[in-house]
Amino acid sequence: MPRLCFGCNAPLYRGEEHVCTVCRNQLPLTEYTFNAENPVDRIFYGRINIIKASAFLFFTEKGIVKSIIHYLKYKNQEQIGSFLGDWYGHILKENNFLNQIDFVVPVPLHRKKLRKRGYNQVALFAKQIAAHIDAQYIDHVLIKTANTRTQTKKSRILRWQNKQALYVLSDQEIFSNKNILLIDDVITTGATMEACATALSKTKGINIYIASMAVVP
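Described in the following lines is the structure provided in the data block. Owing to the predicted nature of the structure, the values given are computational and were not obtained by experimental measurement. (Residues numbered from 1 in each chain as written. Predicted model: local features only at pLDDT ≥ 70, side-chain atom pairs only at ≥ 80, totals over all residues. Heavy atoms only, no water.)

Thoughts on the sheet that holds strand β6 (residues 179-187)
- In spatial order, the strands read β1-β7-β6-β2-β3; together these five strands make up an open sheet with parallel pairing. Because the sheet does not close on itself, it has two edges, and the strands there are β1 (52-58) and β3 (136-137).
- Sheet topology places strand β2 (residues 103-106) next to β6; four bridges connect them, and they run parallel. Counted as the bridge partner of proline 106 is isoleucine 183 from β6.
- In the packing of helix α4 (residues 79-94) onto the sheet, contacts are made with β1 and β7 (207-215), and the angle to β1 comes to roughly 130°. (Pairing = 2+ DSSP bridges. Helix = DSSP H or I, 4+ residues; strand = E, 2+ residues; numbered from the N terminus. Contact = heavy atoms within 4.5 Å. Axes fitted to C-alpha atoms, helices over the stretch in contact; angles between N-to-C directions.)

In structure tokens:
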């Protein structure tokens, strides 16, 4: 079978990986940074105590980013996470935005969903970022306690009520006085990140940073 672009389904040529050159050049990078205020920061104002937030790409209902993330999450194309994480991690390292991070933590899946899908779609993205910024990847401390249905069409308030007790820490001490980078795939309302950060914030002296593959503008 020919290798096809995950963005437009065109054949990939020599030197192209996962997306064709045209789609790669059209990917909508946010160009948000961790040393200046940006719209992702403002999503969390007044909701949770974090240091900074950012996202790599813009996510829209129609477009290359939606197609790529759909393949990543639902078509067993886990390697896309590594591709995006390597790209974003290189940017973060080159600009020295996150040189003080101790641990990179992915938003977890419930064990039943993890078993069904076979992987956490955020894992390789987070691992590549951790490698670039010289941080430790850790995925066994933040735990999702219930298997919930997709909630993308629910209001932010309802999503938050449903997620309030969904995330817990298996170890209350490991993140003490550490800088944590919390990673997810797409930030829409911010409710999932808020719930995860709430669980993390129970740790003494923790500093929380947030990043995602994409954000809904």
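A closer look at the packing of helix α3 (residues 64-74) against α4
- Where α3 contacts α4, the two axes come as close as 8 Å, and the packing angle between them is 130°. The orientation of α3 with respect to α4, classified from their angle, is oblique. The residues of α4 that touch α3, namely those facing Ile68, Tyr71 and Leu72, are Ile80, Gly81 and Leu84.
- Classifying every residue of the contact of α3 with α4 gives five nonpolar, one polar and no charged. (Parallel < 35°, antiparallel > 145°, perpendicular 65-115°, else oblique. Nonpolar A, V, L, I, M, F, W, Y, C, P; charged D, E, K, R; others polar.)

Section: the nonpolar core
- The biggest cluster of nonpolar side chains holds 42 residues, and the ones touching the most others in it are Phe34, Leu84, Leu98, Val104, Ile133, Leu181 and Ile183.
- Those elements that place two or more of their residues in this core are β1, α3, α4, α6 (123-132), β6 and β7.
- Ranked by residues supplied to this core, first place goes to α4 with six residues.
- With residues up to four places along the chain from it excluded, the contact list for isoleucine 133 reads Leu92, Leu98, Ile101, Val104 and Leu181.
- Counting residues in hydrophobic clusters, the runner-up holds 30 residues, among them Val105, Met193, Ile206 and Ile210. (Core = buried A, V, L, I, M, F, W, Y, C linked by side-chain atoms within 4.5 Å. Buried < 20%, exposed > 50% of the residue type's maximum accessible area, 1.4 Å probe, protein only.)

Re the environment of lysine 73
- Looking at the secondary structure, you find lysine 73 in helix α3.
- Distance in space between the C-alpha atoms of lysine 73 and valine 122 is 8.9 Å, their sequence separation being 49 residues.
- The contact partners of lysine 73, leaving out residues within four places of it in the chain, are Arg117, Tyr119, Gln121 and Asp185.
- Polar side-chain contacts of lysine 73 include one of 3.4 Å to the side chain of aspartate 185. (Polar contact = N/O pair within 3.5 Å; in protein donor to acceptor, adjacent residues only side chain to side chain.)

Topic: the side chain of arginine 47
- Mapped onto the secondary structure, arginine 47 falls in the loop between α2 (39-43) and β1.
- A polar contact is formed between the side chain of arginine 47 and the backbone oxygen of isoleucine 43, at a distance of 3.0 Å.
- Among the polar contacts listed, one links the side chain of arginine 47 to the backbone oxygen of glycine 190, at a separation of 3.4 Å.

A look at the packing of α4 against α6
- Two numbers describe how α4 lies on α6: the axes approach to 7 Å, and their chain directions differ by 30°. Overall, the two elements α4 and α6 adopt an arrangement that is roughly parallel. Once α4 is placed against α6, the crossing between them reads as right-handed. For the pair α4 and α6, contact is made by Gln79, Gly81, Ser82, Leu84, Gly85, Asp86, Tyr88, Gly89, His90, Leu92 and Lys93 and by Leu124, Phe125, Gln128, Ile129 and His132, respectively.
- Among the residues forming the contact of α4 with α6, the class breakdown is six nonpolar, eight polar and two charged. (Left-handed = near helix turned anticlockwise from the far one by under 90°.)

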